[in-house]
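The chain contents come next:
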Amino acid sequence: MTSEGKTQHHPNLKFSHFGFAVHDIEFMRDFYTRVLDFTVTDRGHVEGMDLIFLSRDPDDHHQVVLASGKPQGIPAHPHNPQFGSVINQISFKVSSLEELRKIHEIFLAENVASIFPANHGIAWSIYAHDPEGNNLEFFVDTDWYFPQPFLVPIDFTMTDAEIRAATEKFSREQEGFEPYGEWRKRFANRMNVYRAYA
Ligand SMILES: [Fe+2]
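Please read these numbers as outputs of a predicted model, since none were measured by experiment.

(A) Region of interest: the pattern of salt bridges. The full count for this structure, using the stated rule, is 14 salt bridges. When the shortest N-O distance is used, the salt bridge between Lys 70 and Glu 132 registers 3.8 Å. Here Lys 70, found in the loop between strand E4 (64–68) and strand E5 (90–93), pairs with Glu 132, found in the loop between strand E7 (123–129) and strand E8 (135–141); they are 62 residues apart in sequence, far enough to count as distant. Linking Arg 172 and Glu 168 is a salt bridge whose minimum nitrogen-to-oxygen distance equals 2.8 Å. Of this pair, Arg 172 and Glu 168 are both found in helix H3 (residues 160–172), four residues apart, which corresponds to roughly one turn of the helix. A residue is classified by how much of its surface remains accessible, and Arg 172, at 47% relative accessible area, is partly exposed. Residue class for Glu 168 comes out partly exposed when judged on its relative accessible area of 27%. Counted as one network, the salt bridges with shared partners bring together Glu 26, Arg 29 and Arg 43.

Written out as structure tokens, the structure is:
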């Protein structure tokens, strides 16, 4: 064991995809394909479940799996119904603040439930519910790190430049602030990841 409590020899793992149980698989397919632009890569029936495989990246056969058979009556999170009672969040990286703003506009036009734009300092994000109440997050990393969790609302009436400037200013004022690149270098060492960070 290392000082971090990890075994010294371990297979290389990279997170790839997730699947979740659904009540209405076609209704959910419509949301993920039409609103979020996923492509159905395969579908079928196995082990008592209908399955739909979805991806937005040809390097991944599936990034999301919809599986029939969600039990009825799963209770909401007892303290915060934005977040899932079992799966707290399912999060997608977005390429820029401009793209995140477009997602916000699409969700408003689609009347997506529980839209919550949040500024974490290290990331700008939008939380929203899919049609069965799963809490999705869409986020863009900033260039600034300070200890998490941290969350204040994003005001999309501000311009992207104003949001960027305000975020950098309050991030630099936080205890434990460092450029995100420095944080990545430190954690690359801890995670035994050998990759160059500028
Ligand atoms: Fe997150």
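Next, the rest of the story.
(B) Fine view of the domain arrangement of the protein chain. With domains assigned, the protein chain is organised as domain 1 (15–70) and domain 2 (86–198). Inter-centroid distance (C-alpha atoms) of domain 1 to domain 2 is 25 Å. For the pair domain 1 and domain 2, the summed buried surface comes to about 1100 Å²; carbon and sulfur atoms form 70% of the total. When residues of domain 1 are sorted by the area they lose upon contact with domain 2, Met 28, Phe 31 and Val 35 head the list and together hold 35% of the total. There are two salt bridges connecting domain 1 and domain 2. Summed over the shared surface of domain 1 and domain 2, the result is four residue pairs in polar contact (both at pLDDT 80 or more). Among the secondary structure elements, those contributing two or more residues to the side of domain 1 that touches domain 2 are strand E1 (18–22) and helix H1 (25–35). With six residues, the top contributor of residues to the side of domain 1 that touches domain 2 is H1. Of the residues assigned to the side of domain 1 that touches domain 2, the class counts are twelve nonpolar, one polar and three charged.

Cut-offs and rules
Residues numbered from 1 in each chain as written. Predicted model: local features only at pLDDT ≥ 70, side-chain atom pairs only at ≥ 80, totals over all residues. Heavy atoms only, no water. Salt bridge = Lys/Arg side-chain N within 4 Å of Asp/Glu carboxyl O. Helix = DSSP H or I, 4+ residues; strand = E, 2+ residues; numbered from the N terminus. Buried < 20%, exposed > 50% of the residue type's maximum accessible area, 1.4 Å probe, protein only. Domains from an automatic or database assignment. Buried area = accessible area lost by both parts, 1.4 Å probe. Polar contact = N/O pair within 3.5 Å; in protein donor to acceptor, adjacent residues only side chain to side chain. Nonpolar A, V, L, I, M, F, W, Y, C, P; charged D, E, K, R; others polar.

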